[in-house]
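Examining the three-dimensional arrangement
The chain contents come next:
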Number of protein chains: 4
Amino acid sequence: MGRLEAFSDAVLAIVLTLLVLELLPDGAQTPHELLANWPTYLAFITAFLTVGVVWLNHNQAVSRIRHATPIVQALNLALLLGATLMPWPTSLISAALEDGDRPDQIAAIFVFAIVAILISVPWLALDLYLIRHPTLLTSSEDVTWMRNHARISMWTLIAAVASVALAFASPLASLVLYAVVVASFLVIRLREETTDPTGLEDD
Amino acid sequence: MGRLEAFSDAVLAIVLTLLVLELLPDGAQTPHELLANWPTYLAFITAFLTVGVVWLNHNQAVSRIRHATPIVQALNLALLLGATLMPWPTSLISAALEDGDRPDQIAAIFVFAIVAILISVPWLALDLYLIRHPTLLTSSEDVTWMRNHARISMWTLIAAVASVALAFASPLASLVLYAVVVASFLVIRLREETTDPTGLEDD
Amino acid sequence: MGRLEAFSDAVLAIVLTLLVLELLPDGAQTPHELLANWPTYLAFITAFLTVGVVWLNHNQAVSRIRHATPIVQALNLALLLGATLMPWPTSLISAALEDGDRPDQIAAIFVFAIVAILISVPWLALDLYLIRHPTLLTSSEDVTWMRNHARISMWTLIAAVASVALAFASPLASLVLYAVVVASFLVIRLREETTDPTGLEDD
Amino acid sequence: MGRLEAFSDAVLAIVLTLLVLELLPDGAQTPHELLANWPTYLAFITAFLTVGVVWLNHNQAVSRIRHATPIVQALNLALLLGATLMPWPTSLISAALEDGDRPDQIAAIFVFAIVAILISVPWLALDLYLIRHPTLLTSSEDVTWMRNHARISMWTLIAAVASVALAFASPLASLVLYAVVVASFLVIRLREETTDPTGLEDD
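Starting afresh in each chain, residues are numbered from 1 along the sequence in its written order. Whichever chain is written first becomes A and whichever ligand is written first becomes 1, with later ones labelled in order. Restriction of local features to residues with pLDDT of at least 70 applies here, the model being predicted, together with a cutoff of 80 or more for giving and counting side-chain atom pairs; totals for whole chains, interfaces and linings are based on all residues. Remark: hydrogens and water are excluded; side-chain values derive from all non-hydrogen atoms of the structure.

1. Side note on the arrangement of the chains
Note on contacts: a residue pair qualifies if any of its non-hydrogen atoms lie within 4.5 Å across the two residues. When C-alpha atoms are compared, chain B and chain C, though not in contact, are closest at a spacing of 9 Å. With respect to C-alpha atoms, chain A approaches chain D no nearer than 9 Å, and the pair has no contact.

2. Focus on the packing of aromatic side chains
What counts as a ring pair is set by centres within 6.5 Å for rings of Phe, Tyr and Trp (its six-membered ring), and what kind of pair is set by the plane angle: stacked under 30 degrees, edge-to-face over 60, tilted for all other angles. Scanning all chains against the criterion turns up 16 aromatic pairs over all chains. Between Trp88(A) and Tyr41(B), the aromatic rings sit 5.2 Å apart at their centres with planes inclined by 55 degrees, giving tilted as the arrangement. Residue Trp88(A) is located in helix H5 (residues 87-99), and its partner Tyr41(B) is located in helix H3 (residues 38-63); the two belong to separate chains. Burial classification: accessible surface area is computed with a 1.4 Å probe over protein chains only, and a residue below 20% of its type maximum counts as buried, one above 50% as exposed, and the rest as partly exposed. Owing to a relative accessible area of 23%, Tyr41(B) belongs among the partly exposed residues under this scheme. Here Phe112(C) and Tyr178(C) contribute two aromatic rings whose centre-to-centre distance is 4.9 Å and whose plane-to-plane angle is 80 degrees, an arrangement assigned as edge-to-face. Linking Phe112(C) in helix H6 (residues 102-132) with Tyr178(C) in helix H8 (residues 171-195), this pair joins segments that are 66 residues apart in sequence. Residue classification places Tyr178(C) among the buried residues on the basis of a relative accessible area of 7%. In DSSP terms, a helix is any run of H or I states spanning at least four residues, a strand is any run of E spanning at least two, and both are numbered starting from the N terminus.

3. Observations regarding the interface of chain B and chain A
Frequently, the measure chosen for interface size is the accessible area that the parts lose on association. Listed by partner, the interface residues are 34 residues for chain B and 32 residues for chain A. Accessible area that two parts lose when put together, with a 1.4 Å probe and added across both, is what the buried area reports. Here chain B packs against chain A, burying approximately 3000 Å² in sum over the two surfaces, 76% of which is carbon and sulfur. Salt-bridge detection follows one rule: a side-chain nitrogen of Lys or Arg within 4 Å of a carboxyl oxygen of Asp or Glu. If you look at where chain B meets chain A, you find zero salt bridges. Between N or O atoms, a polar contact is any pair within 3.5 Å; within protein, one atom must be a potential hydrogen donor and the other a potential acceptor, and residues adjacent in sequence are included only when both atoms are from side chains. In this structure, the connection of chain B to chain A is made through one residue pair in polar contact (both at pLDDT 80 or more). Within the side of chain B that touches chain A, the residues separate by chemical class into 22 nonpolar, eight polar and four charged. Nonpolar residues are Ala, Val, Leu, Ile, Met, Phe, Trp, Tyr, Cys and Pro. Charged residues are Asp, Glu, Lys and Arg, and all others, Gly as well, are polar.

4. Describing the relation of the copies chain C and chain A
Two copies of one chain are present, and they are related through a rotation about an axis combined with an axial shift. If you rotate chain C by 90 degrees and push it 0.0 Å along the axis, it lands on chain A with an RMSD of 0.0 Å. The superposition operator between the copies reduces to a four-fold rotation axis. A different interface surface on each copy is seen, since only 9% of the contact residues of chain C are contact residues in chain A too. Here the copies are matched by least squares. The fit uses the C-alpha atoms of residues with pLDDT of at least 70 in both.

5. Side note on the interface of chain C and chain A
The interface is formed by 32 residues belonging to chain C together with 34 residues belonging to chain A. With both sides pooled, the region where chain C packs onto chain A buries about 3000 Å², and carbon together with sulfur makes up 76% of that total. Counting the surface chain C buries against chain A, the share from its top three residues, Arg3(C), Phe7(C) and Trp88(C), is 26%. Applying the counting criterion to the chain C and chain A interface returns zero salt bridges. On inspection of chain C and its partner chain A, the count reaches one residue pair in polar contact (both at pLDDT 80 or more). Counted by class, the side of chain C that touches chain A contains 24 nonpolar, five polar and three charged residues.

6. Re the side chain of Asp104(B)
Here Asp104(B) shows up in helix H6 (residues 102-132). Setting aside residues up to four positions removed in sequence, Asp104(B) forms contacts with Ala96(B), Ala28(D), Gln29(D), Thr30(D) and Pro31(D).

7. Here we look at the packing of helix H4 (residues 70-85) of chain A against H5(A)
All names here are of chain A. Interaxial angles span 0 to 180 degrees and are taken between N-to-C directions of axes, which are lines fitted to C-alpha atoms, for helices over the stretch in contact. For the pair H4 and H5, interaxial distance at closest approach is 4 Å and the crossing angle is 30 degrees. Classified by the angle between their axes, H4 and H5 sit roughly parallel to one another. Between H4, through Ala83, Thr84 and Leu85, and H5, the contact on the second element is made entirely by Pro87, Trp88 and Pro89. Within the contact of H4 with H5, the residues separate by chemical class into five nonpolar, one polar and no charged. For classification purposes, angles smaller than 35 degrees are called roughly parallel, those larger than 145 roughly antiparallel, those between 65 and 115 roughly perpendicular, and all remaining angles oblique.

8. Re the environment of Phe7(C)
On the secondary structure map, Phe7(C) appears in helix H1 (residues 2-18). Judged by its relative accessible area of 0%, Phe7(C) is buried. Separated by 138 residues in sequence, Phe7(C) and Trp145(C) place their C-alpha atoms 23 Å apart. Ignoring any residue separated from it by four or fewer positions in sequence, one finds Phe7(C) in contact with Asp9(A), Leu12(A), Ala13(A), Leu16(A), Trp55(A), Leu77(C) and Leu80(C).

9. A look at the confidence of the model for chain A
It should be kept in mind that the predicted coordinates are not to be read in detail where pLDDT is low. Residues and elements named next belong to chain A. On average, residues of chain A score 87 in pLDDT, and 94% of them reach the 70 mark or higher. As a per-residue quantity, pLDDT reports the predictor's confidence and falls between 0 and 100. Confidence over residues 196-203 falls short of pLDDT 50; this stretch has 13 contacts with residues more than four positions distant or in other chains. Listed scores for the predicted complex are pTM 0.89 and ipTM 0.86.

10. Quick look at H5(A)
How far a helix is expected to stretch is found by multiplying one less than its residue total by 1.5 Å. With 13 residues, H5(A) ought to run about 18 Å at 1.5 Å a step, and its terminal C-alpha atoms sit 18 Å apart, in line with that. The element H5(A) is extensively covered by neighbouring structure, given that eleven of its 13 residues are classed as buried.

11. A look at the pattern of salt bridges
All names here are of chain C. For the coordinates displayed, the defined rule picks out four salt bridges over all chains. Note that Arg64 is salt-bridged to Asp142, the shortest N-O span being 3.1 Å. Separated by 78 residues along the polypeptide, Arg64 in the loop between helix H3 (38-63) and helix H4 (70-85) and Asp142 in helix H7 (residues 141-169) bring together distant segments of the chain. The exposure class of Arg64 is buried, given its relative accessible area of 2%.

12. Regarding the environment of Val115(A)
Residue and element names in this part refer to chain A. For Val115, the position within the fold is in helix H6 (residues 102-132). On the basis of relative accessibility, which here comes to 1%, the residue Val115 falls in the buried class. For Val115, the contacting residues outside a window of four places in its chain are Gly82, Leu85, Met86, Trp88 and Pro89.

13. Quick notes on the environment of Val187(C)
Here Val187(C) lies in helix H8. As a C-alpha pair, Val187(C) and Thr46(C) span 141 residues in sequence and 15 Å in three-dimensional space.

So this is what it looks like as structure tokens:
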């Protein structure tokens, strides 16, 4: 487990840091251009929050797994595949909001949703697999945690589909809503941990 | 060994994450352009699977080595040289399938095969070296593992040569075949581990 | 704490290493062009020192925290958000000093100050939170350390605001002053550690 | 020490992996273009070997230091500054050999030598500092190791100056010579370790 944990953390840390590439300018920027760049900032924040939430959850989940079976490793690799893709829709969305027309923006949100699904589906599978194999977990309370997490993964899937539907009305509103949902997940998870004494002992 | 392991993991994690650079667009993309980009997606998946398999195997191999002699370090560095090159043929293949003509595509597949060989040859050398120096391994069962792995490395070499030959008929078929072979390796290795109780105890 | 520490270190190591991207040329450079590039070198050194100081301080701060509560994790993530942004103002400043006019340069320094504030504010919050919750720290001497660090964070905030004010007179002088302030922080911190036996025992 | 070691390893791993960016093409490459790119391949190999040797030496040096004083941390950070710069001269050299004229090539080799000096000087200072403070080392044999390493650092400095002198006659010969010198260092170090039983026990 130690090496799987370290490897996943390294991948997530790199994804988080590569998001800044989207912000690097081609040349000198006027104050006006810097302000006009706001869609890029919004996309950056949304992607940063998403990867941050993935990291926090991954952190929690992995600390509850006692043993990395091949299935756990494969599902974890699938989950990382989705995470490493994150800079791609971030880049597409910021480009589409700045220079693209409506169909480009909807397509960019669509790619974002696909990437969110590529992260959520293997995670949901991992949760369900662990619920069925509780001997792989460190304690019986972990099953409850995995059930909660499976529910969150389900909601993330629904949010991804909803964000595509909303994108047809307004791509920007869709992105803002997604950022708000992710930020709420972050707050909920942090609160949950505070009130849950088991969570505290796991750190 | 600990530091060699952590360093190798870091390198492989970065390679895995840098593959996304190939996907980053220069500007807004129309839905049509996104779909027309499929060769890039195929090249990305193939490269991701390849690095993923290298990581899983490296993980397994390194956990069986008790002691990092200079030869082990040098062969490991040579293996990482090949792995860090992976984004290069990935980029060449996707560019050649999108904008290039037939000779460009064959050349790109050729570079891919060379990089696969640059990974396989030092690995094969490492396997053979460890088989001859079993005192460097943690247990006698590891010799069997190394022999199996040496056989897989041999097959990877043969697959690399075959993929170049096939590229003259169809570069795309060659890439697809390579992706299928790598995905099969992944499945076989994961299955093998499941049925091998020793593998379970190593985690 | 171990995983939070490793993750933060990985993020800071990647930020430090990505700063070099700003230096990579588009093609062959004449000796004259290399010399004319000095604003890029100055921006690189300033950013490298800044991230280096953040790493040293983070190193020290984290070794004094016994327990990562959700608040600690969230503030640490906020701090990393600022740190991952660092290549952005570095790139803006070097581009503005080379090709931009006065307003572009002031804007670039302004972005640099905002990023410095984005790092300092969560750090100040983290210091104050830990001072109020001394049970999260490893020893009572750590409260003194956190108080000192809070004071430094306050000065960094003031320096950031001052650098923007100075940028209206001379963007270049502002950048040089900032580099000197960061270098002084580095020297002060290193001296402080030398005379503080507690600091030595923490390594 | 543990965190300094992990941080340095992460930085060196990222530098090693970022070198591939130089190889990524702008579009489809004809077989002829791929072959004409050889200066890039030569620069890549030279830089990879250099960073590899830095890693192996760093690995050895750090395992002999018992205690990271602020001076050790500062010199290590200075050494990493040089290492993170490595992709810059690599990029300059390959661009100059492909598109530049003679002065561009000499300037690129000059930058390479400066970066080599930026790595060697803090390293030499670190060696000399540790020789004067043997209590920071784990055993008395480490002083001998540090003296040997100081001698190698001196030779690296001389090689850097010589490579610039040679560059006036032939930039390409200078690069080839440098690659050969670094490869020899690698072989010597690996042999040395093999015959030195102390080196074996440090792993």
